[in-house]
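# An overview of the molecular structure
Chain by chain, the residues run as shown.
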Amino acid sequence: DCLVDMNTSVKDLAALMATAIWADGEFDEAEKIVLGTIAEAFEIEEVSLQKEVDASLAEVQSMNEDEVNDYLLSHSAEIEDEEAEMIFEALLEIVLCDGELSSEEVDNLMAMASAMGIDDSRAILMLVDMVKEEEDCVVRFN
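Note that the structure is predicted; figures quoted are calculated from it, not measured. (Residues numbered from 1 in each chain as written. Predicted model: local features only at pLDDT ≥ 70, side-chain atom pairs only at ≥ 80, totals over all residues. Heavy atoms only, no water.)

## Re the nonpolar core
In this structure, Met17, Leu49, Phe88, Leu91 and Met116 are the most contacted members of the largest nonpolar core, which totals 41 residues. Looking at this core, the element that brings in the most residues is helix α5 (residues 84–96), giving nine residues. Within the second largest apolar cluster, five residues are counted, among which are Ala15, Met63, Val68 and Tyr71. (Core = buried A, V, L, I, M, F, W, Y, C linked by side-chain atoms within 4.5 Å. Buried < 20%, exposed > 50% of the residue type's maximum accessible area, 1.4 Å probe, protein only. Helix = DSSP H or I, 4+ residues; strand = E, 2+ residues; numbered from the N terminus.)

So this is what it looks like as structure tokens:
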């Protein structure tokens, strides 16, 4: 299992990314581009990250909501504490790259943050900060 330049495995990182992608039900071009940027930032080979994300997506798509939550929690628990915020920022980028933010995506992000040991207020501030940077981001209350 190859490691990110740090201590978190690509498999655990990919599992969280797949869960973030799964939240809106589609893996679109914008998300694939962001994935490449994240691979570069974490010094991971893009092809291996893509392969792991595809494998994780295939797993997640066959699960019900409770199973997805368990999957999320088990992989989040493997994230190193000092890497959690950097990884959470990457997940925010994936969720926001389509220019929309839904309440379901926020729930999903907050669950991930909590599972990685990031407290709610910090996670919310990180989310708000990133939404501010996305000029055309539409927030959907559904």
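On we go.
## A short note on the environment of Glu82
By the secondary structure assignment, Glu82 is in the loop between α4 (65–76) and α5. By relative accessible area, which is 57% here, Glu82 ends up exposed.

## Quick notes on the packing of aromatic side chains
The geometry of two aromatic rings is summed up by the distance between their centres and the angle between their planes. Taken as a whole and assessed by the stated rule, the structure comprises zero aromatic pairs. Its guanidinium or amino end placed over the ring of Phe27, Lys32 lies 5.1 Å from that ring's centre, counting from NZ or CZ. (Phe/Tyr/Trp six-rings, centres within 6.5 Å; stacked < 30°, edge-to-face > 60°. Lys NZ or Arg CZ within 6 Å of the ring centre and 35° of its normal.)

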